[in-house]
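In case you want the letters, here they are:
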Amino acid sequence: MKFKTKIIAAIFLGLLVVSLTSCDIADALKNYPVNIPYSVEFTATGSNNSISESQTFCIDSSDTFQEYKDKIKDIKFTEISFRTISYIPENLQGDVTITLKDGNGVILFTESITGVKASDYVTTPYKITLTADEIQAINQYLQAVLETQSQICFTGSFSIDITSGEGNHTIKAALDLVFEAGTEL
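About the thresholds
Residues numbered from 1 in each chain as written. Predicted model: local features only at pLDDT ≥ 70, side-chain atom pairs only at ≥ 80, totals over all residues. Heavy atoms only, no water. Helix = DSSP H or I, 4+ residues; strand = E, 2+ residues; numbered from the N terminus. Buried < 20%, exposed > 50% of the residue type's maximum accessible area, 1.4 Å probe, protein only. Contact = heavy atoms within 4.5 Å. Areas by Shrake-Rupley, 256 points an atom, 1.4 Å probe, with all protein chains shown as cover. Polar contact = N/O pair within 3.5 Å; in protein donor to acceptor, adjacent residues only side chain to side chain. 1 Å grid on protein atoms, 1.4 Å probe; cavity = no way out; pocket = protein on both sides within 12 Å on 5 of 7 lines; lining within 4 Å. Points joined across faces, edges and corners; volume = space filled by probe spheres on them. Nonpolar A, V, L, I, M, F, W, Y, C, P; charged D, E, K, R; others polar. Pairing = 2+ DSSP bridges. Axes fitted to C-alpha atoms, helices over the stretch in contact; angles between N-to-C directions. Disulfide = S-S within 2.5 Å.

**Quick notes on the overall build of the chain**
Right, so step 1: The secondary structure content of the chain amounts to three helices and eight strands.
Right, so step 2: Mapped from its N terminus to its C terminus, the chain presents α and β elements in the order α-β-β-α-β-β-β-β-α-β-β.
Right, so step 3: Put simply, the chain has 185 residues, and 36% of those count as buried.
Right, so step 4: In the chain, the share of contacts with a sequence separation of at least 24, taken over all contacts with a separation of at least 6, comes to 79%.
Right, so step 5: Accessible area for the chain stands at about 10900 Å²; split by element, carbon and sulfur atoms hold 53% of it.

See below:
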């Protein structure tokens, strides 16, 4: 009789544990992360020793964001990299400065890369490493804009102080950003 009571108690306890954790499992299946990649291209041209370009862009215009926009509960920054698409002259080299501002014009980060050969980042992008404070500033901006249901816009700027390469200079480059959105089915 004691054996049957122990088996019944074990089965009851097992069912109780399964029923309590199944809600967590079901909730976890309803929530999933979605990567939102976004690329913005810059073309800087000139014959001076310094050329630059700025672009304002809104990540909520991306196809991925649009697909999940009604399901997005939160969004955070994941990574950013810089790459060269094309350049003239062939030996173009200089010191690159990349800046990202939020939609209100507040600088979120500035990255300076010295001695850049334009050819170095055609096949292998330069991954920009941000500080914890810079990442936190981006994430706070993202969440604040998401909560007000406004457009999530940034202004990116790119400049190069040319140290090598004669004549007219043209560089077409891109910033590749990835954001992660927490979505709910």
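Right, picking up where we left off after that structure.
**Section: the side chain of Thr84**
Right, so step 1: Tracing the sequence through the fold places Thr84 in strand β3 (residues 72–88).
Right, so step 2: For Thr84, a relative accessible area of 2% corresponds to the buried category.
Right, so step 3: At 3.0 Å, the side chain of Thr84 forms a polar contact with the backbone oxygen of Ala118.
Right, so step 4: Not counting residues within four places of it along the chain, the set of residues in contact with Thr84 comprises Ala118, Tyr121, Val122, Ile171, Lys172 and Ala173.

**A short note on the layout of surface pockets**
Right, so step 1: Reported here for the largest pocket is a volume of approximately 240 Å³.
Right, so step 2: As for the largest pocket, its lining consists of Asp60, Phe65, Gln66, Lys69, Asp70, Ile72, Val145, Leu146, Gln149, Ser150 and Ile152.
Right, so step 3: For the lining of the largest pocket, the elements supplying multiple residues, two or more each, are α2 (63–68) and α3 (132–148).
Right, so step 4: Of the residues belonging to the lining of the largest pocket, the class tally is five nonpolar, three polar and three charged.

**A closer look at the sheet that holds strand β2 (residues 50–58)**
Right, so step 1: Spatial strand order, β2-β7-β4-β5: four strands in an open sheet with antiparallel pairing. Looking at which strands have only one partner, the edges of the open sheet turn out to be β2 and β5 (107–117). Strand after strand, the sheet turns through a mean of 15° between neighbouring axes, direction not considered.
Right, so step 2: Direction of pairing for strand β4 (residues 93–102) relative to strand β7 (residues 153–164): antiparallel, over a ladder of 10 bridges. Its bridge partner lying in β7, Lys101 is registered against Thr155.
Right, so step 3: The strands that α3 touches are β4, β5 and β7; relative to β5, the one it contacts most, it runs at about 130°.

**Overview of the state of the cysteines**
Right, so step 1: Tallying each qualifying case throughout the model produces one disulfide.
Right, so step 2: Disulfide partner of Cys58: Cys153, at an S-S distance of 1.9 Å. Judged by the sign of its S-S torsion, about 90°, the bond between Cys58 and Cys153 is right-handed. Within this pair, whereas Cys58 is found in strand β2, its partner Cys153 is found in strand β7, the two being separated by 95 residues in sequence.

**A look at the sheet that holds strand β8 (residues 169–184)**
Right, so step 1: One open sheet accounts for four strands, arranged β1-β8-β3-β6; its pairing is antiparallel. In this open sheet, the two strands that pair with only one neighbour each are β1 (31–46) and β6 (126–128). The mean inter-strand angle of the sheet, taken between neighbouring strand axes irrespective of direction, is 20°.
Right, so step 2: Examined bridge by bridge, β3 and β6 share three bridges and lie antiparallel to one another. Directly across from Phe82, in β6, lies its bridge partner Tyr126.

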